[in-house]
Amino acid sequence: MRNLMVAGNWKMNGDSTMTSELVDEIAAGYVGSDSCELLICPPFPLLGLAANKIQGTSIFLGAQNLSEYNSGAYTGEVSALMLTDAGCQYVIIGHSERRAIMRETNEMIRKKFYAAIDNNLIPILCVGETLEQKEQQLTMEIIEQQLKSVIGDNAASLTNAVIAYEPVWAIGTGLTATPEEAQSIHHFIRGIISSISQEIADNIQILYGGSVNGGNAKGLFSMPDIDGGLIGGASLTASDFLSIVKATNK
Ligand code: PEP
(Lines give C-alpha, C1' and ligand atoms only; values in the text may rest on other atoms or scores of the structure.)
Protein backbone atom coordinates (compact mmCIF):
# COMPACT_ATOMS: atom_id res chain seq x y z
CA MET A 1 0.00 0.00 0.00
CA ARG A 2 1.58 3.29 -1.09
CA ASN A 3 1.20 6.49 0.90
CA LEU A 4 0.15 9.61 -0.95
CA MET A 5 2.57 12.53 -0.87
CA VAL A 6 2.11 16.25 -1.42
CA ALA A 7 5.43 18.00 -2.06
CA GLY A 8 5.92 21.75 -2.39
CA ASN A 9 8.59 23.04 -4.76
CA TRP A 10 9.07 26.68 -3.77
CA LYS A 11 11.50 27.25 -6.67
CA MET A 12 13.43 30.55 -6.27
CA ASN A 13 10.85 32.16 -4.01
CA GLY A 14 10.71 33.19 -0.38
CA ASP A 15 12.71 34.84 2.36
CA SER A 16 13.07 34.17 6.07
CA THR A 17 9.85 35.98 7.03
CA MET A 18 7.82 34.13 4.41
CA THR A 19 9.39 30.81 5.43
CA SER A 20 8.55 31.27 9.12
CA GLU A 21 4.97 32.26 8.41
CA LEU A 22 4.30 29.72 5.68
CA VAL A 23 5.74 26.76 7.60
CA ASP A 24 3.78 27.75 10.73
CA GLU A 25 0.55 27.99 8.74
CA ILE A 26 1.13 24.70 6.93
CA ALA A 27 2.05 22.94 10.17
CA ALA A 28 -1.09 24.29 11.87
CA GLY A 29 -3.32 23.10 9.03
CA TYR A 30 -1.75 19.68 8.45
CA VAL A 31 -3.53 17.41 10.90
CA GLY A 32 -3.01 13.79 11.88
CA SER A 33 -6.08 12.70 9.96
CA ASP A 34 -4.70 14.02 6.64
CA SER A 35 -3.87 11.02 4.55
CA CYS A 36 -0.67 12.18 2.86
CA GLU A 37 2.97 12.65 3.61
CA LEU A 38 3.91 16.31 3.33
CA LEU A 39 7.18 17.69 2.02
CA ILE A 40 8.43 21.23 1.49
CA CYS A 41 11.40 22.11 -0.72
CA PRO A 42 12.56 25.69 -0.07
CA PRO A 43 15.64 27.28 -1.70
CA PHE A 44 19.04 26.38 -0.20
CA PRO A 45 19.50 29.43 2.09
CA LEU A 46 16.12 28.82 3.75
CA LEU A 47 16.63 25.11 4.47
CA GLY A 48 18.17 25.62 7.93
CA LEU A 49 15.35 27.89 9.02
CA ALA A 50 12.72 25.54 7.59
CA ALA A 51 14.40 22.59 9.34
CA ASN A 52 14.03 24.41 12.67
CA LYS A 53 10.45 25.37 11.98
CA ILE A 54 9.30 21.82 11.15
CA GLN A 55 10.80 20.33 14.30
CA GLY A 56 8.12 18.48 16.22
CA THR A 57 5.89 18.19 13.13
CA SER A 58 5.74 15.31 10.66
CA ILE A 59 6.60 17.56 7.70
CA PHE A 60 9.58 16.42 5.62
CA LEU A 61 12.23 18.72 4.17
CA GLY A 62 13.80 18.56 0.72
CA ALA A 63 16.10 20.58 -1.53
CA GLN A 64 15.56 21.46 -5.18
CA ASN A 65 18.94 20.39 -6.54
CA LEU A 66 22.33 19.02 -5.48
CA SER A 67 25.83 18.58 -6.83
CA GLU A 68 26.95 15.26 -8.22
CA TYR A 69 30.15 15.72 -6.14
CA ASN A 70 30.54 15.26 -2.39
CA SER A 71 32.99 18.10 -1.69
CA GLY A 72 35.85 20.09 -3.18
CA ALA A 73 36.55 22.88 -5.62
CA TYR A 74 33.08 23.29 -7.12
CA THR A 75 32.28 26.92 -6.41
CA GLY A 76 28.60 27.56 -5.88
CA GLU A 77 27.61 23.90 -5.64
CA VAL A 78 25.87 22.19 -2.72
CA SER A 79 26.50 18.53 -1.89
CA ALA A 80 24.23 15.77 -0.67
CA LEU A 81 26.12 15.71 2.64
CA MET A 82 25.43 19.42 3.13
CA LEU A 83 21.75 18.81 2.49
CA THR A 84 21.43 15.98 5.00
CA ASP A 85 23.41 18.09 7.47
CA ALA A 86 20.88 20.90 6.94
CA GLY A 87 18.04 18.48 7.76
CA CYS A 88 16.87 17.33 4.33
CA GLN A 89 15.47 13.88 3.69
CA TYR A 90 14.59 14.47 0.01
CA VAL A 91 16.00 16.24 -3.04
CA ILE A 92 14.31 17.08 -6.35
CA ILE A 93 16.41 15.96 -9.31
CA GLY A 94 16.00 16.72 -13.01
CA HIS A 95 13.26 19.33 -12.72
CA SER A 96 12.37 20.53 -16.22
CA GLU A 97 13.51 24.07 -15.37
CA ARG A 98 16.98 22.71 -14.61
CA ARG A 99 16.94 20.55 -17.74
CA ALA A 100 15.90 23.50 -19.94
CA ILE A 101 17.50 26.56 -18.31
CA MET A 102 20.57 25.03 -16.64
CA ARG A 103 21.06 22.57 -19.52
CA GLU A 104 21.13 19.51 -17.27
CA THR A 105 21.45 16.36 -19.35
CA ASN A 106 20.19 12.86 -18.56
CA GLU A 107 23.81 11.95 -17.75
CA MET A 108 24.18 14.79 -15.22
CA ILE A 109 20.84 13.86 -13.72
CA ARG A 110 21.97 10.23 -13.40
CA LYS A 111 25.07 11.32 -11.44
CA LYS A 112 23.01 13.56 -9.16
CA PHE A 113 20.50 10.76 -8.59
CA TYR A 114 23.22 8.40 -7.35
CA ALA A 115 24.92 11.15 -5.32
CA ALA A 116 21.61 11.43 -3.46
CA ILE A 117 21.11 7.67 -3.05
CA ASP A 118 24.72 7.14 -1.89
CA ASN A 119 24.21 9.75 0.82
CA ASN A 120 20.82 8.58 2.10
CA LEU A 121 18.81 11.33 0.48
CA ILE A 122 15.62 10.28 -1.28
CA PRO A 123 15.69 11.59 -4.86
CA ILE A 124 12.49 12.81 -6.48
CA LEU A 125 13.29 12.18 -10.12
CA CYS A 126 11.32 14.45 -12.45
CA VAL A 127 10.44 13.28 -15.94
CA GLY A 128 8.14 14.78 -18.55
CA GLU A 129 7.73 15.81 -22.15
CA THR A 130 7.63 19.27 -23.72
CA LEU A 131 4.62 20.46 -25.70
CA GLU A 132 6.54 19.94 -28.93
CA GLN A 133 7.38 16.36 -27.94
CA LYS A 134 3.75 15.73 -26.96
CA GLU A 135 2.54 17.05 -30.31
CA GLN A 136 4.98 14.76 -32.07
CA GLN A 137 3.64 11.86 -29.98
CA LEU A 138 7.03 11.31 -28.40
CA THR A 139 5.83 11.43 -24.78
CA MET A 140 6.42 7.77 -23.95
CA GLU A 141 9.75 7.60 -25.77
CA ILE A 142 11.06 10.69 -23.95
CA ILE A 143 9.92 9.48 -20.55
CA GLU A 144 11.41 6.04 -21.09
CA GLN A 145 14.73 7.66 -22.08
CA GLN A 146 14.70 9.95 -19.05
CA LEU A 147 13.94 7.07 -16.72
CA LYS A 148 16.17 4.42 -18.26
CA SER A 149 19.16 6.75 -18.53
CA VAL A 150 19.06 7.06 -14.75
CA ILE A 151 18.08 3.59 -13.57
CA GLY A 152 19.28 1.41 -16.45
CA ASP A 153 18.26 -2.12 -15.53
CA ASN A 154 18.85 -1.44 -11.86
CA ALA A 155 15.38 -1.02 -10.43
CA ALA A 156 16.94 -1.48 -6.97
CA SER A 157 18.08 2.14 -7.21
CA LEU A 158 14.40 3.05 -6.97
CA THR A 159 13.89 1.26 -3.65
CA ASN A 160 14.23 4.60 -1.89
CA ALA A 161 13.22 7.05 -4.56
CA VAL A 162 10.17 8.91 -5.81
CA ILE A 163 9.28 9.73 -9.41
CA ALA A 164 7.44 12.88 -10.46
CA TYR A 165 5.73 12.95 -13.85
CA GLU A 166 5.64 16.61 -14.80
CA PRO A 167 4.55 17.40 -18.35
CA VAL A 168 6.58 20.52 -19.15
CA TRP A 169 3.61 22.12 -20.90
CA ALA A 170 1.63 21.96 -17.66
CA ILE A 171 4.22 23.52 -15.34
CA GLY A 172 3.26 27.02 -14.29
CA THR A 173 0.89 27.37 -17.26
CA GLY A 174 -2.48 26.69 -15.67
CA LEU A 175 -2.87 23.74 -18.06
CA THR A 176 -3.15 20.35 -16.38
CA ALA A 177 -3.18 16.86 -17.82
CA THR A 178 -6.60 15.33 -17.30
CA PRO A 179 -6.67 12.65 -14.60
CA GLU A 180 -7.03 10.02 -17.36
CA GLU A 181 -4.11 11.42 -19.40
CA ALA A 182 -1.88 11.58 -16.34
CA GLN A 183 -2.98 8.11 -15.19
CA SER A 184 -2.01 6.60 -18.52
CA ILE A 185 1.52 8.01 -18.27
CA HIS A 186 1.86 7.00 -14.61
CA HIS A 187 0.74 3.50 -15.55
CA PHE A 188 3.31 3.48 -18.35
CA ILE A 189 6.07 4.55 -15.91
CA ARG A 190 5.07 1.88 -13.41
CA GLY A 191 5.06 -0.62 -16.25
CA ILE A 192 8.66 0.22 -17.20
CA ILE A 193 9.71 -0.35 -13.60
CA SER A 194 7.67 -3.54 -13.26
CA SER A 195 9.49 -5.03 -16.24
CA ILE A 196 12.59 -4.92 -13.99
CA SER A 197 11.02 -5.40 -10.56
CA GLN A 198 7.33 -5.86 -9.81
CA GLU A 199 7.89 -5.29 -6.11
CA ILE A 200 9.58 -1.93 -6.61
CA ALA A 201 6.97 -0.90 -9.17
CA ASP A 202 4.23 -1.70 -6.68
CA ASN A 203 5.89 0.33 -3.92
CA ILE A 204 7.29 3.42 -5.61
CA GLN A 205 5.41 6.70 -5.27
CA ILE A 206 4.78 8.40 -8.62
CA LEU A 207 3.69 12.03 -8.15
CA TYR A 208 1.99 14.20 -10.74
CA GLY A 209 3.13 17.80 -11.20
CA GLY A 210 1.86 20.60 -13.41
CA SER A 211 -0.57 23.31 -12.30
CA VAL A 212 -2.12 21.19 -9.55
CA ASN A 213 -4.52 23.18 -7.37
CA GLY A 214 -7.30 22.62 -4.85
CA GLY A 215 -9.82 22.25 -7.67
CA ASN A 216 -8.14 19.60 -9.80
CA ALA A 217 -6.18 17.67 -7.17
CA LYS A 218 -8.92 15.27 -6.08
CA GLY A 219 -9.56 13.99 -9.59
CA LEU A 220 -5.85 13.44 -10.18
CA PHE A 221 -5.22 11.79 -6.80
CA SER A 222 -8.15 9.40 -7.24
CA MET A 223 -6.33 7.67 -10.10
CA PRO A 224 -4.77 4.32 -9.16
CA ASP A 225 -1.22 5.13 -10.26
CA ILE A 226 -1.10 8.77 -9.09
CA ASP A 227 0.36 8.87 -5.59
CA GLY A 228 0.11 12.59 -4.91
CA GLY A 229 1.55 15.75 -6.36
CA LEU A 230 4.63 17.91 -6.80
CA ILE A 231 3.29 21.42 -6.44
CA GLY A 232 4.94 24.63 -7.61
CA GLY A 233 2.92 27.86 -7.53
CA ALA A 234 0.24 26.59 -5.16
CA SER A 235 2.84 25.56 -2.58
CA LEU A 236 3.65 29.21 -1.80
CA THR A 237 0.33 29.98 -0.11
CA ALA A 238 -0.71 27.94 2.91
CA SER A 239 -4.41 27.87 2.05
CA ASP A 240 -3.76 26.74 -1.54
CA PHE A 241 -1.22 24.12 -0.47
CA LEU A 242 -3.45 22.82 2.32
CA SER A 243 -6.43 22.56 -0.05
CA ILE A 244 -4.31 20.14 -2.10
CA VAL A 245 -3.35 18.26 1.07
CA LYS A 246 -7.07 17.94 1.97
CA ALA A 247 -7.76 16.56 -1.51
CA THR A 248 -5.84 13.43 -0.52
CA ASN A 249 -8.47 12.64 2.13
CA LYS A 250 -11.25 10.20 1.29
C1 PEP B 1 6.79 22.43 -10.50
O2 PEP B 1 7.50 23.41 -10.63
O3 PEP B 1 7.27 21.34 -10.18
C4 PEP B 1 5.35 22.60 -10.74
C5 PEP B 1 4.61 21.55 -10.83
O6 PEP B 1 4.89 23.90 -10.85
P7 PEP B 1 3.35 24.37 -10.93
O8 PEP B 1 2.58 23.60 -9.87
O9 PEP B 1 3.40 25.83 -10.64
O10 PEP B 1 2.88 24.05 -12.28
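Up top is the structure.
The residue numbers shown here count from 1 along each chain, following its written sequence. Residue-level local features of this predicted model are given only where pLDDT is at least 70; pairs of side-chain atoms are given and counted only at 80 or more, and the full residue set underlies all totals for whole chains, interfaces and linings. To obtain the side-chain values, all non-hydrogen atoms of the structure were included, while hydrogens and water were left out.

Undergrad: Teacher, can you tell me more about the site of the ligand here?
TA: Lining the immediate surroundings of the ligand are 14 residues, of which Lys11, Glu166, Gly172, Ser211 and Gly232 lie closest. Counting of polar contacts relies on pairs of N or O atoms within 3.5 Å, with two restrictions inside protein: one atom must be capable of donating a hydrogen and the other of accepting it, and residues adjacent in sequence are counted only when both atoms are side-chain atoms. In this structure, an oxygen atom belonging to the ligand sits 2.9 Å away from a side-chain N or O atom of His95. For the ligand, an oxygen atom lies 2.7 Å from a polar atom in the side chain of Glu166. The fraction of the free accessible surface of the ligand (290 Å²) that becomes covered by protein chains is 95%. Any residue with a heavy atom lying within 4 Å of a molecule or strand is counted as near it. Accessible areas in this description were obtained via Shrake-Rupley with a 1.4 Å probe; residue shielding takes into account the shown protein chains only.

Undergrad: Which parts of the structure should I look at to understand the pairing of strand E5 (residues 122–127)?
TA: Successive residues of a regular strand alternate their side chains across the two faces of the sheet. Burial analysis of E5 places six of its six residues in the buried class, which makes it a mostly covered element. Each residue's exposure class comes from its accessible area (1.4 Å probe, protein chains only) as a fraction of the maximum for that residue type: buried when under 20%, exposed when over 50%, partly exposed otherwise. The secondary structure listing takes helices from DSSP runs of H or I that are at least 4 residues long and strands from runs of E that are at least 2 residues long, numbered from the N terminus. Along E5, one buried face is formed by Ile122, Ile124 and Cys126 and the opposite face, lined by Pro123, Leu125 and Val127, is buried too. In terms of strand pairing, strand E4 (residues 90–93) meets E5 through four bridges, oriented parallel. Note on E5: the bridge partner recorded for Ile92 is Ile124. Pairs of strands are assigned from DSSP output, requiring at least two bridges between the strands. Taken together, the four bridges between E5 and strand E6 (residues 162–165) define a ladder with parallel strand orientation. Its bridge partner lying in E6, Cys126 is registered against Ala164.

Undergrad: In this structure, what is going on with unusual backbone geometry? I would like to understand it.
TA: Backbone phi values are negative for most residues with the exception of glycine, while trans is the configuration of most peptide bonds. Positive phi is not limited to glycine here, since Arg103 has a value of about 60°. According to the relative accessible area criterion, Arg103 is exposed, its value standing at 63%.

Undergrad: Is there a simple way to explain the packing of helix H5 (residues 106–118) against helix H7 (residues 139–151) in this structure?
TA: The relative placement of two packed helices comes down to the angle between their axes together with the axis-to-axis distance. Orientation is described by axes fitted as lines to C-alpha atoms, over the contacting stretch for helices, and by angles from 0 to 180 degrees between their N-to-C directions. Running from amino to carboxyl end, H5 crosses H7 at an angle of 50°, the nearest separation of the two axes being 8 Å. One finds that H5 runs oblique with respect to H7. Once H5 is placed against H7, the crossing between them reads as right-handed. In contact with Asn106, Ile109, Arg110, Phe113 and Tyr114 of H5, H7 contributes Gln145, Gln146, Ser149, Val150 and Ile151. Across the contact of H5 with H7, the residue classes break down as five nonpolar, four polar and one charged. Here roughly perpendicular refers to angles of 65 to 115 degrees, roughly parallel to angles under 35, roughly antiparallel to angles over 145, and oblique to all remaining angles. Should the near helix be turned anticlockwise from the far one by less than a right angle, the crossing is termed left-handed; should it be turned clockwise, right-handed. A contact between two residues is defined here by any heavy atoms of the two lying within 4.5 Å. Amino acids are sorted into nonpolar (Ala, Val, Leu, Ile, Met, Phe, Trp, Tyr, Cys and Pro), charged (Asp, Glu, Lys and Arg) and polar (every other residue, Gly among them).

Undergrad: How should the pairing of strand E8 (residues 228–231) be read in this particular structure?
TA: Burial of E8 is two-sided: the residues Gly228 and Leu230 facing one way and the residues Gly229 and Ile231 facing the other way are all buried. Pairing analysis gives four bridges linking strand E1 (residues 4–9) to E8, with the strands arranged parallel. Along E8, the bridge assignment pairs Gly8 with Ile231. As paired elements, strand E7 (residues 205–209) and E8 share two bridges and run parallel to each other.

Undergrad: Would you mind showing me how to read the nonpolar core here?
TA: The nonpolar side chains of soluble globular proteins are, as a tendency, buried together. The biggest cluster of nonpolar side chains holds 70 residues, and the ones touching the most others in it are Ile40 and Ile189. The element that contributes the greatest number of residues to this core is helix H8 (residues 179–194), accounting for six residues. In terms of nonpolar packing, the next biggest core, distinct from the first, is built from 13 residues, Ile92, Cys126, Ala164 and Leu230 among them. Buried Ala, Val, Leu, Ile, Met, Phe, Trp, Tyr and Cys residues form a nonpolar core when they are joined through side-chain atoms within 4.5 Å.

Undergrad: Sorry, what's going on with the packing of H7 against H8 here?
TA: Two elements in contact, H7 and H8, have axes whose closest approach is 11 Å; the angle formed by their N-to-C orientations is 40°. Between H7 and H8, the crossing angle belongs to the class labelled oblique. The interaxial crossing formed by H7 with H8 has right-handed handedness. For the pair H7 and H8, the contacting residues are Thr139, Met140, Ile143, Glu144, Leu147 and Lys148 in the first and Ile185, Phe188, Ile189, Ile192 and Ile193 in the second.

Undergrad: Sorry, what's going on with the pattern of salt bridges here?
TA: Close approach of charged atoms lets side chains of opposite charge pair. One speaks of a salt bridge when a side-chain nitrogen belonging to Lys or Arg is within 4 Å of a carboxyl oxygen belonging to Asp or Glu. Summed over the entire model, instances satisfying the criterion amount to 12 salt bridges. A salt bridge links Asp24 to Lys53; the nearest nitrogen and oxygen atoms lie 3.2 Å apart. Here Asp24, found in helix H1 (residues 16–29), pairs with Lys53, found in helix H2 (residues 47–53); they are 29 residues apart in sequence, far enough to count as distant. Judged by its relative accessible area of 25%, Lys53 is partly exposed. A salt bridge links Glu181 to Lys134, with the nearest nitrogen and oxygen atoms 3.2 Å apart. Residue Glu181 is located in helix H8, and its partner Lys134 is located in helix H6 (residues 131–135); the two are separated by 47 residues in the primary sequence. Among the residues examined, Glu181 registers a relative accessible area of 32% and is labelled partly exposed. The class of Lys134 is partly exposed, set by a relative accessible area of 29%. Connected via shared salt-bridge partners are Arg2, Arg190, Asp225 and Asp227.

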